[in-house]
Every structure is written in C-alpha cells, then in structure tokens.
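Here is how the chains run, residue by residue.
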Amino acid sequence: ELKVEQNPLFLSMQEGKNYTIYCNYSTTSDRLYWYRQDPGKSLESLFVLLSNGAVKQEGRLMASLDTKARLSTLHITAAVHDLSATYFCAARGSNTGKLIFGQGTTLQVKP
Amino acid sequence: NAGVTQTPKFQVLKTGQSMTLQCAQDMNHNSMYWYRQDPGMGLRLIYYSASEGTTDKGEVPNGYNVSRLNKREFSLRLESAAPSQTSVYFCASSWGSNQPQHFGDGTRLSIL
C-alpha cells in the first residue's frame, strides 16, 4: 500500500532564507506531484516529476525526484512572504493509478 | 474560465440527513475525483471516475455514493450523514489518470 509522508509538517522561516521540504513515499510510484494550497482555497498544481533525477524550477521553488530513494524535495530559495501556504506532495501508485497525498507542509514566511 | 465548479460552497446538515454535492468541469476531461480534506491528513480519495460510465472506490468510500452523470458532471451523495463526515470536500478532474488534476474550490460540510 502506497503511503506518502512529508516533513516537516510546519515550517516557520525568515524572508531571505533557504529551506527544503521532504516527501517520502513507500512503494513504486510513476509520477510525483507538488501542489500549493492557500488558506481556505483550492489546490494549485506546481510541478509534475516523471523520472529519476527530474528537476523542475519555477521562481524560488525547485522540485526534484529520486526514485531510487523514493524521495522528492521542494527547495525554497530566498523565501518571500508570498510563498506562505501549505504545500502537498502526492505520489501516483504505479499499480493502482491512484494519487496518494502527503499530510501537507504549512510554510510561514516572516518578514 | 470556470474550470471545476462545486456546489454548494458551504452546508450544515443534521445527523441522518442526506445530501448530494455537485461537481461540473468544462475542460472536457475524462477523469474526475472526489476527495475529503481533514486537518493534518492531507487529501484522501473517496471515489473516482476514470472515464464516463465508470466509477471506482478510493481510500475512504464508506458512507458515500457517486454518479458520473455525463462527461462533465460527477456527484457525491451522503445517504445518511454522520458527524465523522464533517470535512472539506474537493472535486478534481484530469485528462487521464496520469495527468495533473485540477481542483474545484471545495465544499465545506458540517454535520451536527
């Protein structure tokens, strides 16, 4: 059974600092998604990672995938307040095709 | 520019009442999904429809039924609501099961 765990679950950081959110999954997955959710809002797709070594970047966010370690990371560079949100990773089970979400990481960027 | 539209946005029910949550998408997507979101647990898949005419159970289907009415619409029904079903419900759609999902704004459901 595919399980997805994120850490940390809560992250408070200063503007300008760098940090990484980790997403581990337990069994084979054929793609890994990152989503952003603002409070009381819907989920917005950020990245889709398809293969080992895949790296995608948009603005201050960079996501990577290591399928051998069953690990994806979301790296935040020089954080700004606008990045404050909850970030979810989700892994698609290779056998089931279903998307399993992590618990979410709530990021708070302080001035 | 509608995307995925969910109705209603908010609802309060009494235990034992029934309710249907509506979802419609205008992107001609084949696959549609219902999730529930509870604090600290991420999103959990209730039911999904890979294509028109098919539905399958997700992680937490008990207490729910679904109908894929046509390609655009996918409804979620609570036959006899229970307090444990208090949650935020999201509908999503995608071209196929391996494509990024687009989410609606959610329905906040409270059961007293």
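To start, this report covers the structure provided alongside it. Source: prediction; values computed, not measured. Within every chain, residues take consecutive numbers counted from 1 along the sequence as written. Both sets of labels track the order of writing: A upward for chains, 1 upward for ligands. With pLDDT at 70 or above as the cut-off, local features in this predicted model cover only qualifying residues; side-chain atom pairs require 80 or more to be listed or tallied, and sums for whole chains, interfaces and linings still use all residues. As a rule here, side-chain values cover all heavy atoms of the structure and leave hydrogens and water aside.

Considering the overall build of chain A
Note the following rule: A run of DSSP states H or I qualifies as a helix once it reaches four residues; a run of E qualifies as a strand once it reaches two. Both are numbered from the N-terminal end. In this treatment the radius of gyration is a C-alpha quantity, and the globule benchmark scales as 2.2 Å times the residue count to the 0.38 power. Throughout this description, buried means an accessible area under 20% of the type-specific maximum (1.4 Å probe, protein chains only), exposed means over 50%, and partly exposed covers the range between. Working rule for contacts: check all heavy atoms of both residues, and any pair within 4.5 Å makes them a contact. Shrake-Rupley sampling with a 1.4 Å probe provides the accessible areas, and residues are treated as covered by the protein chains on show and by no other component. For this count, His and the chain ends are skipped, Lys and Arg are scored as positive, and Asp and Glu as negative. By convention, the point assigned to a charge is CZ for Arg, NZ for Lys, CD for Glu and CG for Asp.
Each helix and strand counted, chain A has zero helices and eleven strands in total. If you list the helices and strands of chain A from N to C, you get β-β-β-β-β-β-β-β-β-β-β. Computed over the C-alpha atoms, the radius of gyration of chain A is 13 Å, within 12% of the 13 Å expected from 2.2 N^0.38 for a compact globule of 111 residues. In terms of principal-axis extent, the alpha carbons of chain A reach across some 45 × 30 × 20 Å. When each of the 111 residues of chain A is scored for burial, the buried share is 46%. Counting only contacts in chain A whose residues sit at least 6 apart along the sequence, the fraction spanning at least 24 positions is 55%. With the model as given, the accessible surface of chain A reaches about 5500 Å², and the carbon-plus-sulfur share is 48%. When the 12 positive and 9 negative side-chain charges of chain A are each reduced to one mean point, those points stand 3 Å apart.

So, the pairing of strand β9 (residues 85-93) of chain A
Residues and elements named next belong to chain A. Quick note on the threshold: For two strands to be treated as a pair, DSSP must find at least two bridges joining them.
Extensive coverage of β9 is indicated by the burial of nine of its nine residues. Side-chain alternation along β9 places Ala-85, Tyr-87, Cys-89, Ala-91 and Gly-93 on one buried face and Thr-86, Phe-88, Ala-90 and Arg-92 on a second face that is also buried. In this structure, strand β4 (residues 29-37) lies alongside β9, joined through eight bridges in antiparallel fashion. Bridged to Tyr-33 within β9 is Ala-90. Here β9 pairs with strand β11 (residues 105-110) via three bridges, running antiparallel. Each bridged residue has a counterpart across the sheet, and for Ala-85 the counterpart in β11 is Leu-107. For β9 and strand β10 (residues 99-101), the ladder comprises three bridges, and the chain directions are antiparallel. Looking at the pairing, Ala-90 lines up with Phe-101 of β10. In sequence, β9 turns back onto β10 through a hairpin of five residues, with Gly-97 there showing a positive phi of about 75°.

A short note on the environment of Trp-34 of chain A
Residues and elements named next belong to chain A. Mapped onto the fold, Trp-34 is located in strand β4. A relative accessible area of 0% places Trp-34 in the buried class. The spacing of Trp-34 and Ser-64 is 30 residues in sequence and 10 Å in space, taken between C-alpha atoms.

Quick word on the sheet that holds strand β3 (residues 19-25) of chain B
All names here are of chain B. Put simply, the rule reads: Here an axis means a line fitted to C-alpha atoms, over the contact stretch when the element is a helix, while the angle between two N-to-C directions is reported on a 0 to 180 degree scale.
If you trace the four strands from one edge of the open sheet to the other, you get β1-β3-β8-β7, paired in antiparallel fashion. With partners counted over all chains shown, the strands left at the sheet margins are β1 (4-7) and β7 (64-68), one partner each. Strand-to-strand twist of the sheet, defined as the mean angle between neighbouring strand axes without regard to direction, takes the value 15°.

Remarks on the packing of aromatic side chains
Pairs of aromatic rings are described using the distance from one ring centre to the other and the angle between the two planes. Note the following rule: The pairing test for Phe, Tyr and Trp rings, Trp by its six-membered ring, is centres within 6.5 Å, and the orientation test on the planes gives stacked under 30 degrees, edge-to-face over 60, and tilted for anything in between.
Inspection of every chain in the model, using the stated rule, returns eleven aromatic pairs over all chains. Considering the side-chain rings of Phe-101 of chain A and Tyr-35 of chain B, the 5.5 Å spacing of their centres and the 85° angle between planes classify their relative orientation as edge-to-face. A residue pair is termed interchain when its members come from two chains, as with Phe-101 of chain A in strand β10 and Tyr-35 of chain B in strand β4 (residues 31-37). Comparing Phe-101 of chain A with Tyr-35 of chain B shows no difference in burial state: the two are buried. Where Phe-90 of chain B meets Phe-103 of chain B, the ring centres are 6.4 Å apart and the plane angle is 80°; that geometry is what we call edge-to-face.

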